[in-house]
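# Fold and geometry: a report
Single-letter residue listing:
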Amino acid sequence: MKKLYTIILGLCIGLLTAIPKTWNVSAELVKKAWGQGSSNTYILGLNNAVGSAVNIYTLKGTEPSIIHHMGNYNGINYDMLEVKPSETTFIKMDYMGHAEWLNDIYDWGLVGEGYVRAGGINANYYSWITNPNYGQPVGGLRMAGEWTDFRGEPNLPDYGSGYVTAYWDRPGLMKLVYSGENVVQGTTEWIGEKVDSECAVSGSYTYIVNGERKDLTDGYGWYEYHANDYAFCCLAQKKDGTYYLISFWNGMRDENVQDFLLGLDVYNALRLDGGTSTSMVYEDSLVKEAEE
């Protein structure tokens, strides 16, 4: 009975995402992903509310350099937003303090200043609906140079949990750091490097660091997601500052993900949340379609 309840609950949550949105945004929902949990229910064409988003903003009236790519790599479909940052186009973290549909995770302050959300992907892992703290980001989440909080508790990186944290400012290169509060010993002592940046997000582990294949988690985060066919998102950046926001719509061997990223000349990359949370949105009028 418990297993049946889990299946029904998951399907109901997914069906909520089929409600038409009022925003003028094109949404690429999950195309192929396995449901989370022991039921291993196959979900097709549905997604969930998510804890946070990596969003692209551009100043209204300007012509941003954002390209949408669709393709297939080793049998896995993907969607990818290629972003060249400028004085008027940048990526940042967004978080509403609770789980929300990706379409609705916006920085309304920037919108008021004349910016438009051109696209985005889901970001942090987060506490699932069966948890009283549903929607709480796992690890660190930083916006506007400050750590965010969930019900008064700061969202900080956890050292020892297997989560690497990416730090970045509007200009410059993203930095990947494995540090945070010492959850192994259960203390608030900070272990490793502290980084002062505008934005930060904790993912599960690294794919590429400084142009080379690497895992910063010392084995904590190296989990074979491909064995469960989990879709997932990835945040990557080239050395020239170009960002890639990628949604892979099924499981892929980690070494194949690294091959794909190195083929793009990626300098740093980390894995973000996946499963039925995997989602992408983009604004048709601001994003050019690539000629693959």
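The structure reproduced in this document is the subject of the present report. Worth saying up front: this structure is predicted, and the values here are computed from it rather than measured.

Time to look at the overall build of the protein chain. The helix and strand inventory of the protein chain stands at 3 helices and 25 strands. Counting across all 292 residues of the protein chain, residues that qualify as buried make up 53%. Look at the contacts in the protein chain between residues 6 or more apart in sequence, and 71% of them connect residues 24 or more apart. Carbon together with sulfur atoms contributes 51% to the accessible area of the protein chain, which is approximately 12900 Å² in total.

This paragraph deals with the state of the cysteines. With the rule as written, the count across this model stands at 0 disulfides. As a non-bridged cysteine, Cys233 has Cys234 as the owner of its nearest cysteine sulfur, 8.6 Å distant.

Enumeration over the complete set of coordinates arrives at 16 aromatic pairs. With centroids separated by 6.2 Å and ring planes inclined at 55°, the aromatic side chains of Tyr78 and Phe248 adopt a geometry described as tilted. Taken as a pair, Tyr78 in strand S6 (residues 76-84) and Phe248 in strand S22 (residues 243-248) lie far apart in primary sequence, 170 residues in all. For the residue pair Tyr78 and Phe248, the accessibility class agrees, reading buried in each case. Arg142 extends its terminal NZ or CZ atom over the ring of Trp147, reaching a point 5.1 Å from the ring centre. Stacked on the ring of Phe90, the Lys or Arg Arg170 has its end atom at 3.7 Å from the ring centre.

Rules used throughout
- Residues numbered from 1 in each chain as written.
- Predicted model: local features only at pLDDT ≥ 70, side-chain atom pairs only at ≥ 80, totals over all residues.
- Heavy atoms only, no water.
- Helix = DSSP H or I, 4+ residues; strand = E, 2+ residues; numbered from the N terminus.
- Buried < 20%, exposed > 50% of the residue type's maximum accessible area, 1.4 Å probe, protein only.
- Contact = heavy atoms within 4.5 Å.
- Areas by Shrake-Rupley, 256 points an atom, 1.4 Å probe, with all protein chains shown as cover.
- Disulfide = S-S within 2.5 Å.
- Phe/Tyr/Trp six-rings, centres within 6.5 Å; stacked < 30°, edge-to-face > 60°.
- Lys NZ or Arg CZ within 6 Å of the ring centre and 35° of its normal.

Purely geometric numbers; function is a separate question.
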